[in-house]
Amino acid sequence: MTQQKKFLARSFYFLLYQFLNYRYENVDLVFIAHDTQAYEVTEDQFFKRGAGGGTLASSSIEMVLNIVNERYPTDIWNIYAFHCSDGDNWPEDMENLMLCSGKLKELTQLYCYCEIEPNEERMRWLIDEGSKISNAYAGMDDDKFKIVKIQEPGDIWPAFQDLFGGKLGLE
């Protein structure tokens, strides 16, 4: 991710983090970063960490599935998952990403995917739409799985409202 993309993703996550900590007393947040592999990181590392090259998105979803299965039984925990990405993924990983994401969707109350696509990069993406995660996810969008896109800082609050507005009275 470029610095601009990281800024947009971290800004979205910061708003989410503040909202969850303000609204709920008992929240257990798990931070996962990924490039070609997933890493569980601390809050501080998550908001400051730089990533390596390449994207194997399924590694992060597989890690989330493992963490939920090991630490958060769904009969006593409400699971919410949020994934921000620039949308790039290795084409050979798309099938596994879809399989893992379908499993995660079934375990969660809400699974949200936020694609970061700054305006100045939009033209490149119009040419290479086949490797975009949001295109693969398009058929999954429903009450339990939401997709938003952020192009600039002004899109962060509307994206947040799109995800939570109806459920939380933020409209």
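Note that the structure is a prediction, hence the values are computed from the model and not measured.

Glancing now at the packing of helix H3 (residues 58–71) against helix H4 (residues 94–107). Running from N to C, H3 and H4 cross one another at 30°; their axes reach a closest spacing of 9 Å. The orientation of H3 with respect to H4, classified from their angle, is roughly parallel. The two elements H3 and H4 meet at a crossing, and its hand is left-handed. Contacts between H3 and H4 involve Ser58, Ile61, Glu62, Val64, Leu65, Val68 and Asn69 on the former and, on the latter, Asn96, Leu97, Cys100, Ser101, Lys103, Leu104 and Leu107.

When a protein is soluble and globular, its nonpolar side chains tend to lie buried together. By size, the foremost hydrophobic cluster in this structure holds 24 residues, and its most contacted members are Phe12, Tyr13, Leu16, Ile150 and Phe164. Among the secondary structure elements, those contributing two or more residues to this core are helix H1 (3–23), strand S3 (80–85), strand S4 (110–116), strand S5 (145–150) and helix H7 (156–168). With eight residues, H1 is the largest single contributor of residues to this core. Every residue in contact with Phe12, bar those within four places of it in the chain, is listed here: Cys84, Ile150, Ile156, Phe160 and Leu163.

Before going further, it helps to examine the sheet that holds S4. As summarised here, the arrangement of the three strands in space is S3-S4-S5, forming an open sheet in which the pairing is parallel. Every interior strand has two partners, whereas the edge strands, S3 and S5, have only one. The sheet shows a mean angle of 15° between the axes of neighbouring strands, direction not considered. By the bridge criterion, six bridges tie S3 to S4 in an arrangement that is parallel. Of the residues in S4, the one forming a bridge with Cys84 is Cys114.

Bringing the side chain of His83 into the picture now. Here His83 is to be found in strand S3. Once you skip the residues sitting within four places of it in the chain, His83 turns out to touch Tyr13, His34, Ala57, Ser60, Ile61, Tyr111, Cys112, Tyr113 and Cys114.

A few words now on the pattern of salt bridges. This structure, assessed with the given rule, holds seven salt bridges. Across the salt bridge formed by Asp44 and Lys48, the nearest N and O atoms sit 3.0 Å from each other. In this pair, Asp44 and Lys48 both sit in helix H2 (residues 43–48), four residues apart, roughly one turn of the helix. Given a relative accessible area of 47%, Asp44 falls into the partly exposed group. A residue is classified by how much of its surface remains accessible, and Lys48, at 62% relative accessible area, is exposed. With its nearest N and O atoms 2.5 Å apart, the salt bridge here joins Asp142 to Lys105.

Below, the discussion takes up the environment of Tyr111. With respect to the helices and strands, the residue Tyr111 is situated in strand S4. Separated by 30 residues in the primary sequence, Tyr111 and Ala81 have C-alpha atoms spaced 4.7 Å apart. Apart from residues no more than four positions distant in its own chain, Tyr111 is found in contact with Ile61, Ala81, His83, Ser101, Leu104, Lys105, Tyr137, Lys144, Phe145 and Lys146.

So, how was this worked out
Residues numbered from 1 in each chain as written. Predicted model: local features only at pLDDT ≥ 70, side-chain atom pairs only at ≥ 80, totals over all residues. Heavy atoms only, no water. Axes fitted to C-alpha atoms, helices over the stretch in contact; angles between N-to-C directions. Helix = DSSP H or I, 4+ residues; strand = E, 2+ residues; numbered from the N terminus. Parallel < 35°, antiparallel > 145°, perpendicular 65-115°, else oblique. Left-handed = near helix turned anticlockwise from the far one by under 90°. Contact = heavy atoms within 4.5 Å. Core = buried A, V, L, I, M, F, W, Y, C linked by side-chain atoms within 4.5 Å. Buried < 20%, exposed > 50% of the residue type's maximum accessible area, 1.4 Å probe, protein only. Pairing = 2+ DSSP bridges. Salt bridge = Lys/Arg side-chain N within 4 Å of Asp/Glu carboxyl O.

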